[in-house]
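If you want the building blocks of each chain, they are given just below.
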Amino acid sequence: EDQVTQSPEALRLQEGESSSLNCSYTVSGLRGLFWYRQDPGKGPEFLFTLYSAGEEKEKERLKATLTKKESFLHITAPKPEDSATYLCAVQGPYTDKLIFGTGTRLQVFP
Amino acid sequence: DGGITQSPKYLFRKEGQNVTLSCEQNLNHDAMYWYRQDPGQGLRLIYYSQIVNDFQKGDIAEGYSVSREKKESFPLTVTSAQKNPTAFYLCASSPGQGNHGYTFGSGTRLTVV
């Protein structure tokens, strides 16, 4: 069964303290891995799509990487406005449906 | 600007009542989805539609119903058969074919009173 596991569940960082969020997945034939940011009471906002192992994408302080078993979202020198829940999702080979993890709730303190 | 509009933002339901959540998109996307989000749980798929006049059950379809009469619209009805409807409901759309991510609406918070 296709599955996505995110860790840690929650992460508290001091402003400027870099860290990484993990997304482990099992899917038979990955077509795409997606990262979203979700603020409280709002819908998820798209960040990145990764398609193959070794691929990396960057946006401001965020960098997403992909291996055959997991993806990392690296946050460099975070700011309080980076506080949000970060969701990971995978898409298998025979469907357009996305399977989501439970997310990592990030809090960045000044 | 293109996007997905969900309404209302907040909805209150009495016991035994059916309520309908609206979802409209102007992205010309073929596929639309309804997810339920509960604290500590991932997004769970309720129903999805890949083409007008066709839809499929997701993982937790019991107590819900949908229709897809127009490409732009995919309303969700939470029926009285849904025993625990209090949750945050998210509608999403995608182009359909291919490895595309979703565009999400801003959500509807449903509370049973």
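Above this text you will find the structure in question.
Analysis parameters
- Residues numbered from 1 in each chain as written.
- Chains lettered and ligands numbered in written order.
- Predicted model: local features only at pLDDT ≥ 70, side-chain atom pairs only at ≥ 80, totals over all residues.
- Heavy atoms only, no water.
- Salt bridge = Lys/Arg side-chain N within 4 Å of Asp/Glu carboxyl O.
- Helix = DSSP H or I, 4+ residues; strand = E, 2+ residues; numbered from the N terminus.
- Buried < 20%, exposed > 50% of the residue type's maximum accessible area, 1.4 Å probe, protein only.
- Contact = heavy atoms within 4.5 Å.
- Buried area = accessible area lost by both parts, 1.4 Å probe.
- Nonpolar A, V, L, I, M, F, W, Y, C, P; charged D, E, K, R; others polar.

A. Expanded view of the pattern of salt bridges. Tallying each qualifying case throughout the model produces seven salt bridges over all chains. Residues Asp-82 of chain A and Arg-61 of chain A are paired through a salt bridge, measuring 2.8 Å at the closest nitrogen-oxygen approach. Placement of the pair is Asp-82 of chain A in the loop between strand E8 (70-75) and strand E9 (84-91) and Arg-61 of chain A in the loop between strand E6 (56-59) and strand E7 (62-66), with a sequence separation of 21 residues. One exposure class covers both Asp-82 of chain A and Arg-61 of chain A, and it is buried. Residues joined in a network through salt bridges with shared partners are Arg-36, Asp-38 and Arg-44 of chain B.

B. Region of interest: the side chain of Glu-55 of chain A. Positionally, Glu-55 of chain A belongs in the loop between strand E5 (45-50) and E6. Excluding residues within four positions of it along the chain, Glu-55 of chain A makes contact with Thr-49, Leu-50, Ala-64, Thr-65 and Leu-66 of chain A.

C. The arrangement of the interface of chain A and chain B in detail. Of the residues lining the interface, 17 residues belong to chain A; the matching set on chain B comes to 23 residues. The contact between chain A and chain B buries some 1600 Å² in all, and 52% of this surface belongs to carbon and sulfur atoms. A per-residue breakdown of the area chain A buries against chain B is headed by Asp-96, Lys-97 and Phe-100 of chain A, which together make up 35% of the total. Where chain A meets chain B, there are zero salt bridges. Of all the secondary structure elements, the ones that give two or more residues to the side of chain A that touches chain B are strand E4 (32-38), E9 and strand E10 (98-100) of chain A. In terms of residue count, the dominant contributor to the side of chain A that touches chain B is E4 of chain A (three residues). The class makeup of the residues in the side of chain A that touches chain B is seven nonpolar, six polar and four charged.

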